[in-house]
Amino acid sequence: ETVLAVEGLRKIYDEGTDHANMAIDTVSFQVDKGEFVCIVGPSGAGKTTLLRCISGLAAPSAGTVTFEGRRLTEVPGQLGLVFQDYSRSLYPWFTNAENVALPLTARGMGRAERAARVTETLESVGLGHVEKKYPWELSGGMQQRVAIARALSYRPELLLMDEPFASVDAQTRFDLEDLILRVRDDLGITVVLVTHDIDEAIYLSDRIVVLSKNPSVVREVVDVTLGDGR
Ligand code: ADP
Ligand code: ADP
């Protein structure tokens, strides 16, 4: 069952100027419910641009993105976002619990329900003990777990991640990769993750979308076959 549909997506930066730059051109693909799709490609291929257009952070020049048949901007709460730079995505003057509570506060969830949800979500990423601490008191990998918890606290149906594990050491990256696979399995959430690391894409995903330097060349590697236990 298709939930996310990207159709004819094009993004031209500085359109109409002499330095107009076509970052992606008529990119189309679909993602099934619960599927884990990685977007890979060399630097400058348009991976971040594609993810920003899917999330609504950037306006496409042409084409559409729909989630369950509707524009994502019309269905707030269905989207969780995680970026590479955890140190800039968390607010240092808020505790970890307050950071994770932000999407809930923003949508008017009551205090008691919010507190329970924050505890539950932090526990689900293995961080039940850091609620009252501040992000800067934690290691990089733990900060990224807090950022993941914040993305998940409102229980979105779609998780978009841009190079989420690129700034942590190898062992931490392996732990976070396994964490996100478990989260996908537990929540049945749909995940689209951008990475320049093909090994990571093969390890994580059901399907890989490959962007090339040529903005209109998109390849889909379907059904990544994984050994038992991945
Ligand atoms: P990737 O994530 O694969 O490295 P990007 O989406 O960041 O690729 O970039 C694709 C192309 O779009 C590149 O040529 C880049 O220089 C250009 N680009 C990205 N962001 C902007 C921007 N905000 N303004 C102008 N050009 C941009
Ligand atoms: P085994 O000892 O059974 O061969 P692996 O070496 O395949 O186990 O995996 C050990 C851990 O390393 C996994 O749980 C996973 O976190 C990580 N891992 C393995 N392969 C990759 C990969 N290609 N990319 C990222 N992480 C990986």
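Worth saying up front: this structure is predicted, and the values here are computed from it rather than measured.

Novice: So what's going on with the site of ligand 1? Residues and values would help.
Specialist: Around ligand 1, the neighbouring residues are Tyr 13, Asp 14, Asn 21, Ala 23, Pro 42, Ser 43, Gly 44, Ala 45, Gly 46, Lys 47, Thr 48 and Thr 49. For ligand 1, an oxygen atom lies 2.5 Å from a polar atom in the side chain of Thr 49. Of all the secondary structure elements, the ones that give two or more residues to the shell around ligand 1 are β2 (21–32) and α1 (47–55). Residue contributions to the shell around ligand 1 peak at three residues, all from α1. Among the residues making up the shell around ligand 1, the classes are represented as four nonpolar, six polar and two charged.

Novice: Requested: an account of the site of ligand 2, with residues and values cited.
Specialist: Residues in close proximity to ligand 2 include Phe 174, Glu 177, Asp 178, Asp 199 and Tyr 203, which together make up its full environment. Separating a nitrogen atom of ligand 2 from a side-chain N or O atom of Glu 177 is a distance of 2.6 Å. Tyr 203 places a side-chain nitrogen or oxygen 3.4 Å from an oxygen atom of ligand 2. Look at ligand 2: alone it shows 550 Å² of surface, and the protein chains cover 41% of it. Mapped onto the shell around ligand 2, the elements with two or more residues apiece are α6 (170–187) and α7 (198–204). Among the elements that make up the shell around ligand 2, the one with the highest residue count is α6 (three residues). Among the residues making up the shell around ligand 2, the classes are represented as two nonpolar, no polar and three charged.

Novice: If you had to explain the pairing of strand β3 (residues 36–40) to someone new, which residues and values would you point to?
Specialist: For β3, the tally of buried residues reaches five of five residues, placing the bulk of the element in the interior. Side-chain alternation along β3 places Phe 36, Cys 38 and Val 40 on one buried face and Val 37 and Ile 39 on a second face that is also buried. Where β3 and strand β8 (residues 190–194) come together, four bridges link them in parallel fashion. Looking at the pairing, Phe 36 lines up with Val 191 of β8. Where β3 meets strand β9 (residues 207–211), four bridges bridge the pair, whose relative direction is parallel. Paired with Cys 38 across the strands is Ile 208, a residue of β9.

Novice: Explain the confidence of the model for the protein chain residue by residue, including any values.
Specialist: The predicted model of the protein chain has a mean per-residue pLDDT of 92, with 96% of residues at 70 or higher. By mean pLDDT, the top-scoring element of the protein chain is β8 (98), and the lowest-scoring one is strand β10 (residues 218–221) (76). Predicted complex metrics record ipTM = 0.71 and pTM = 0.87.

Cut-offs used in this document
Residues numbered from 1 in each chain as written. Chains lettered and ligands numbered in written order. Predicted model: local features only at pLDDT ≥ 70, side-chain atom pairs only at ≥ 80, totals over all residues. Heavy atoms only, no water. Near = heavy atom within 4 Å. Polar contact = N/O pair within 3.5 Å; in protein donor to acceptor, adjacent residues only side chain to side chain. Helix = DSSP H or I, 4+ residues; strand = E, 2+ residues; numbered from the N terminus. Nonpolar A, V, L, I, M, F, W, Y, C, P; charged D, E, K, R; others polar. Areas by Shrake-Rupley, 256 points an atom, 1.4 Å probe, with all protein chains shown as cover. Buried < 20%, exposed > 50% of the residue type's maximum accessible area, 1.4 Å probe, protein only. Pairing = 2+ DSSP bridges. pLDDT = per-residue confidence, 0-100.

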